[in-house]
Protein chains: 2
Amino acid sequence: MDAISSKQMKTCVPYLCLFALFAMSLPSFADGQSKQAVAYDLVVKDATIVTMDPERRVINDGVIAVNGDIIAFIGTTSAFQTTTAKGIVAKQTIDAKGKLIMPGLINGHTHIPMVLMRGLIDDVTLDDWLRKYIFPAEARNVTKDFVRWGSRLALAEMIRSGTTTFADMYYFEDTEAEETKAAGVRGILGETWIDFPAPDNKSNAEMAAYTEKFLNKWQGDPLIHPAVAPHSIYTCSEKTLRDAAAMARKYHAPILIHVAEMRKELVDSIEKNGATPVQYLERIEVLGPDVLAAHCIWTDYTDMKILADRQVGCVHNPSSNMMLASGVAPVVDQRAAGMRVGLGTDGPSGSNNDLDMMEEMDLAAKLQKTYRVDPRALGAKGALEMATIEGARALHMEKEIGSLETGKKADFVVLNLNVPNAVPMFDVYSQIVYALKASEVETVVVGGKPVMKDGKVLTVDEAQAIAKGIEYGNWVAASLKN
Amino acid sequence: MDAISSKQMKTCVPYLCLFALFAMSLPSFADGQSKQAVAYDLVVKDATIVTMDPERRVINDGVIAVNGDIIAFIGTTSAFQTTTAKGIVAKQTIDAKGKLIMPGLINGHTHIPMVLMRGLIDDVTLDDWLRKYIFPAEARNVTKDFVRWGSRLALAEMIRSGTTTFADMYYFEDTEAEETKAAGVRGILGETWIDFPAPDNKSNAEMAAYTEKFLNKWQGDPLIHPAVAPHSIYTCSEKTLRDAAAMARKYHAPILIHVAEMRKELVDSIEKNGATPVQYLERIEVLGPDVLAAHCIWTDYTDMKILADRQVGCVHNPSSNMMLASGVAPVVDQRAAGMRVGLGTDGPSGSNNDLDMMEEMDLAAKLQKTYRVDPRALGAKGALEMATIEGARALHMEKEIGSLETGKKADFVVLNLNVPNAVPMFDVYSQIVYALKASEVETVVVGGKPVMKDGKVLTVDEAQAIAKGIEYGNWVAASLKN
């Protein structure tokens, strides 16, 4: 698998172009049997690859070869050499010697533009946080431009911490979709529906119209998956929830919703609906294999069985749940009950305050150990599963993302191990979850395209996003003084 | 406060040297009244300084000026200009415009050479961890060289995450002290006493002799504070504990000990001693204002009152306590009872697995919120206090370190804010604890000397330490296969 030299490359460019076109048009031709050089858009070589495939293979001295946005080959260097006996033509090569590759992380629940209110107010009750600070701040500040710049800043932060896919519900979601696509990141995005005026849409009719337009605009996009996002059972009437579900089903779009986040939500639901939040949502026919339910903290065994049977995706948010003292989700029981449980950061204001999935994995494992008073409760491999393949299952996208396998999307992260906290390494899962940090993320590839390379974010102008972030921060602070 | 040019500097070197000698010999001369240029070894300018002084001042546009290892001036740029109206002579200047400065972090409890067993085995019970893995691995691998290279690697990691002082108990502690001094970090170090053979000393008599020699060698060192370190009440007899305390008191040295870390320790102590671990230690006259007690999880209100009255320093280790499911220390109650409560990482193997105090602060706040089901339980400022001035009080070193004040040691950290996760910033405490990471640590100064500058560790050959870390990791893994 020798890379050909730059000079040789220049000499044969016309031929190579012709050949590459030919090879790509005939994928069946591009295997070991053909005895011809094989063309790839991207080849990553010499890495230790944590695949998270069904066998949880860890490939030492591994290769990933990509065509388009798809993994065309993954395996050992020697297997690759057999496959490509006549040589390869790679448009781009990444030498990952001494580095670790894992699937791109999946942030299953967040509200990224809130990054512009990061740390606005913390260490207060949820009620004070919402009523005294966040709602007034959002009412005075959240505009299309706020969402644009907040998204851009957040996307840089997410890329830097190895996130390649995220699910988000906020306002001006179409602007967020534009930014996400521009940053080259995969987004499952839904405009929030609530039964009171939002910063953008002032009525349920406007929210529905906005969402329908949004669905029509983005469906079929390779990166953006438009969703319908009724906020929760305590902010949406039964009618709103049913309308949202109906629209989602009409368009075969995912449904994003907060479920059983607070104890009060449980108590109120039992009083009002005579049912737990999960059982109420089941009764009004919202639950199904298209639902992504954030939090699911206050769920009993009956709820868990329903969520598992209905194939609802659930997202655990340990930082947020700890920060707001919402309770501890019974993640180990939920996984044992067959639920699809992913991992998320929640919004980066008041409930985290960052978008760092590396940290979220560490916290998920440590929180379950603490909660169950058992160090075996949730281990490093389980936490990485929640951030990758189980996160993909929660999003019902496990056929496309969440593990590194031939035929799946080429979404992966290259981690630098040449730092004091990365050595020695006895177990890759343990190292990723308990010792490595976002700072070790060096290169990030989404759908075969590098969005960060050797520590530099390629798809966001970071300096500009940071400057705008500071500017918006000043405005938010000033708006609350008036 | 204009820095003079390099050319001007060269011209007047002979005069400046004479003047500097004169100014340093007459410190009273070097104030604003003198109307003469003032000489400093180091001036840091234009920073936002989080002082953690008694008024918890945050100085925007601030200056720190250092002579020797002491802060000679801290205040606003305009106050500095008044003080130095005739100009300054600074041997070294750090421009910290747009950056944040905080006191160096204090890791109150760890076993740093264990970094060479980082992630050796995790997600198992404490008993399995110790008996099946750590004890055999230590017996087969822990040598003086193991401690040397483990310490060196760990010191690089600690410097990178902003730690300027740490308290440690392990084996071959004299070697660890040499490494710590070479790295320019402040260490409170104690050779472990246990009632069974250690990797270095095989009997209590050897441990006592080693410690006495160690105390004699290091006492009076500006960076190394030698301590006496009886491991715990469950590994040391009453005689060992009393002997250790007596030696510490003879030399006015600190006592490092694990206290009430495990529920079993509490239950066993009540059965064996008819008292809680704390009340047993009080009865056998170990407790006093020279004791640094790690963990203190299983402490009741009577214990807390004793620990407060005796001015015992306690160290909370949230990562370790979560990882090993040891229980949750009642930190909020302990602080309310007047206890001195610092923060630590514990050893970086099986119980963390890193030495990152930035992460520990975040976890401390989030864990107390979760444990007390109250988001107001422990806030960002409280967590930073535990890692700085309260940590210093736990170490009984609050007159020297823990806050940035004139006359105290110049131990501080410069944090880079030019990254996506650092903006916007509404509250410095919230930002440091919940949003900034070790990766934002840019420059670290201990006793006036930079040990890391602009992202480069100056006092440890990192490449060599990393290479050795990998090598030792291979040996440890191989040793367990035999």
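As a starting point, this report considers the structure included with it. Note that residues are indexed from 1 along each chain, following the sequence as it is written. Labels follow written order: the first chain is A, the first ligand is 1, and so on. Two thresholds apply to this predicted model, a pLDDT of at least 70 for residue-level local features and 80 or more for giving and counting side-chain atom pairs, whereas whole-chain, interface and lining totals are computed over all residues. As a rule here, side-chain values come from all non-hydrogen atoms in the structure, and water together with hydrogens is ignored.

Our focus in this paragraph is the overall build of chain A. Along chain A, the regular secondary structure elements total 18 helices and 17 strands. Taken over the C-alpha atoms alone, chain A extends approximately 70 × 45 × 45 Å along its principal axes. For each residue, the accessible area found with a 1.4 Å probe, counting protein chains only, is set against the maximum for its type, and the residue is called buried under 20%, exposed over 50%, and partly exposed in between. Looking at chain A residue by residue over its 482 residues, the buried ones come to 65%. By the convention used here, residues are in contact when the closest approach between their heavy atoms is within 4.5 Å. Of the contacts formed within chain A by residues at least 6 apart in sequence, a portion of 72% connects residues at least 24 apart. Here the accessible surface of atoms and residues is derived via Shrake-Rupley with a 1.4 Å probe, and residues count as covered only by protein chains that are part of the display. On chain A, roughly 17,200 Å² of surface is accessible, and the fraction owed to carbon and sulfur atoms is 54%. Lys and Arg are tallied as positive, Asp and Glu as negative. Neither His nor the chain termini are counted. For the purpose of locating charges, the reference atoms are NZ of Lys, CZ of Arg, CG of Asp and CD of Glu. Measuring between centres, the 50 positive side-chain charges of chain A sit 4 Å from its 61 negative side-chain charges. In DSSP terms, a helix is any run of H or I states spanning at least four residues, a strand is any run of E spanning at least two, and both are numbered starting from the N terminus.

So, on to the side chain of K366(A). Looking at where K366(A) falls in the secondary structure, it is placed in helix α14 (residues 357–372). Identification of polar contacts relies on pairs of N or O atoms within 3.5 Å, with a donor-acceptor requirement for protein atoms, meaning one able to donate a hydrogen and the other able to accept it, and with residues adjacent in sequence counted only if both atoms are side-chain atoms. A distance of 2.5 Å separates a polar atom in the side chain of K366(A) from the backbone oxygen of N352(B). What K366(A) contacts, discounting residues up to four positions off in sequence, is Y434(A), S319(B), M322(B), M323(B), N352(B), N353(B) and L363(B).

This next bit is on the environment of T164(B). Residues and elements named next belong to chain B. Here T164 lies in strand β7 (residues 163–170). Of the residues examined, T164 reaches a relative accessible area of 1% and is grouped as buried. In the structure, T164 is positioned 24 residues away from R140 in sequence and 31 Å away in space, judged by C-alpha atoms.

Turning to the interface of chain B and chain A, a few remarks are in order. The parts lose accessible area when they come together, and the size of an interface is often stated as this lost area. Listed per partner, the contact involves 60 residues of chain B and 60 residues of chain A. What gets called buried area is simply the loss in accessible area from a 1.4 Å probe that two parts show on being joined, summed for both. Both faces considered, chain B and chain A share a buried interface measuring about 4,600 Å² in area, 66% of it formed by carbon and sulfur atoms. Interface area lost by chain B to chain A is led by D123(B), P420(B) and F426(B), which between them contribute 15%. The term salt bridge refers to a pairing of a side-chain nitrogen on Lys or Arg with a carboxyl oxygen on Asp or Glu at a separation within 4 Å. Run the count over chain B and chain A and you get 6 salt bridges. A salt bridge links K437(A) to E359(B), with the nearest nitrogen and oxygen atoms 2.7 Å apart. Taken together, the connections running from chain B to chain A amount to 23 residue pairs in polar contact (both at pLDDT 80 or more). Those elements that place two or more of their residues in the side of chain B that touches chain A are α5 (144–160), α12 (318–323), α14 (357–372), α17 (428–435) and α18 (462–481) of chain B. Throughout, the ten residues Ala, Val, Leu, Ile, Met, Phe, Trp, Tyr, Cys and Pro are labelled nonpolar, Asp, Glu, Lys and Arg are labelled charged, and all others, Gly among them, are labelled polar. Tallied by class, the residues present in the side of chain B that touches chain A amount to 30 nonpolar, 14 polar and 16 charged.

Residue and element names in this part refer to chain A. Most of strand β15 (residues 441–446) is tucked away: 6 of the 6 residues are buried. In this analysis, strands are considered paired if DSSP registers two or more bridges between them. Bridge count between β15 and strand β16 (residues 449–453): 3 bridges; the pairing is antiparallel. Considered in β16, the bridge of V445 is made with P450. Counting the residues in the hairpin turn of β15 and β16 gives 2 residues, including G447, whose phi is positive at 55°.

Attention shifts here to the relation of the copies chain B and chain A. In the superposition of chain B on chain A (RMSD 0.0 Å, axial shift 0.0 Å), the rotation amounts to 180°. Given the turn and translation reported, the copies of this chain are related as if by a two-fold rotation axis. Every residue of chain B has its C-alpha some distance from the rotation axis, and the shortest such distance is that of S439(B), at 3.0 Å. Least squares is the method for superposing the copies, and the C-alpha atoms it fits come from residues with pLDDT of at least 70 in both.

The subject of this paragraph is the pattern of salt bridges. A complete count under the given rule lists 70 salt bridges over all chains for this structure. Across the pair R56(A) and E385(A) runs a salt bridge, and its minimum N-O distance is 3.0 Å. Note that R56(A) is positioned in the loop between β1 (38–50) and β2 (58–67) and E385(A) in helix α15 (residues 380–387), a separation of 329 residues in sequence. Taking relative accessible area as the criterion, E385(A) reaches 12% and is therefore assigned buried. A salt bridge links E405(B) to K408(B); its shortest N-O distance comes to 3.8 Å. For E405(B), a relative accessible area of 24% puts it in the partly exposed group. According to the relative accessible area criterion, K408(B) is buried, its value standing at 6%. Connected through salt bridges with shared partners, the residues R148(A), R152(A), D174(A), E178(A), E179(A) and K217(A) form a single ionic network.

Take the state of the cysteines next. In what follows, a disulfide is any cysteine sulfur pair within 2.5 Å. Under the counting rule described, the total for this entry stands at 0 disulfides over all chains. Here C314(A) stays free of any disulfide, with the sulfur of C296(A) as its closest cysteine sulfur at 3.4 Å. Cysteine C236(B) is unpaired, with the sulfur of C296(B) as its nearest cysteine sulfur at 16 Å.

Aromatic rings from Phe, Tyr and Trp, with only the six-membered ring used for Trp, were paired whenever their centres fell within 6.5 Å, and each pair was classed as stacked if the ring planes differed by under 30 degrees, edge-to-face if by over 60, and tilted otherwise. Applying the stated criterion to the full structure yields 12 aromatic pairs over all chains. On the basis of an interplanar angle of 50° and a centroid distance of 4.9 Å, the ring pair of Y170(B) and Y171(B) is categorised as tilted. Residue classification places Y170(B) among the buried positions, given a relative accessible area of 3%. Connected via pairs of aromatic rings, a cluster forms that spans Y40(A), F73(A) and F80(A).

Residue and element names in this part refer to chain B. For T211, the location among the structural elements is in helix α7 (residues 204–218). Here W193 takes part through its side chain, which lies 2.8 Å from a polar atom of the side chain of T211. In contact with T211, other than residues within four places in its own chain, are E191, W193, A227, V228 and M247.

Time to look at helix α9 (residues 263–273) of chain B. Residues and elements named next belong to chain B. Every buried residue of α9 is accounted for by E265, L266, S269 and N273. Projected down its long axis, α9 carries its buried residues within an arc of 100°, all on one side. Exposed side of α9, more than 90 degrees from the buried face: R263, K264 and E271 are the residues found there. Looking one or two residues past α9, G274 carries a phi angle of roughly 65°, positive in sign. The arc in question is traced by the directions running from the helix axis to the C-beta atoms.

This part takes up the nonpolar core. Grouped together as the largest cluster of nonpolar side chains are 122 residues, with contacts concentrated most on M361(A), L384(A) and I432(A). The biggest single contributor to this core is helix α5 (residues 144–160) of chain A, with 9 residues. The criterion is simple. A nonpolar core is a set of buried Ala, Val, Leu, Ile, Met, Phe, Trp, Tyr and Cys residues joined through side-chain atoms within 4.5 Å.

Turning our attention to the pairing of strand β13 (residues 340–343) of chain B. Residue and element names in this part refer to chain B. Here β13 shows no split at all, with R340 and G342 on one side and V341 and L343 on the other all buried. Here strand β12 (residues 313–316) runs beside β13; their pairing, made up of 4 bridges, is parallel. Looking across to β13, one finds that H316 is bridged to L343.

A separate point is the environment of V444(A). Residues and elements named next belong to chain A. In this fold, V444 is placed in strand β15. Since its relative accessible area comes to 0%, V444 is described here as buried. Residues V444 and L126, 318 residues apart in the sequence, show an inter-C-alpha distance of 35 Å.

Residues and elements named next belong to chain A. Angles here are taken between N-to-C directions and fall from 0 to 180 degrees, while the axes themselves are lines fitted to C-alpha atoms, restricted in helices to the stretch in contact. As a packed pair, helix α6 (residues 173–183) and helix α7 (residues 204–218) sit with axes 10 Å apart at the nearest point and diverge in direction by 20°. Classed by the angle they form, the pair α6 and α7 counts as roughly parallel. Here the hand of the crossing between α6 and α7 comes out right-handed. Here E173, D174, T175, A177, E178 and K181 of α6 lie close against α7, whose contacting residues are Y210, F214, K217 and W218. Considering only residue class, the contact of α6 with α7 consists of 4 nonpolar, 1 polar and 5 charged. Should an angle fall under 35 degrees it is taken as roughly parallel, and over 145 as roughly antiparallel, whereas 65 to 115 is taken as roughly perpendicular and any remaining angle as oblique. Should the near helix be turned anticlockwise from the far one by less than a right angle, the crossing is left-handed, and should it be turned clockwise, the crossing is right-handed.

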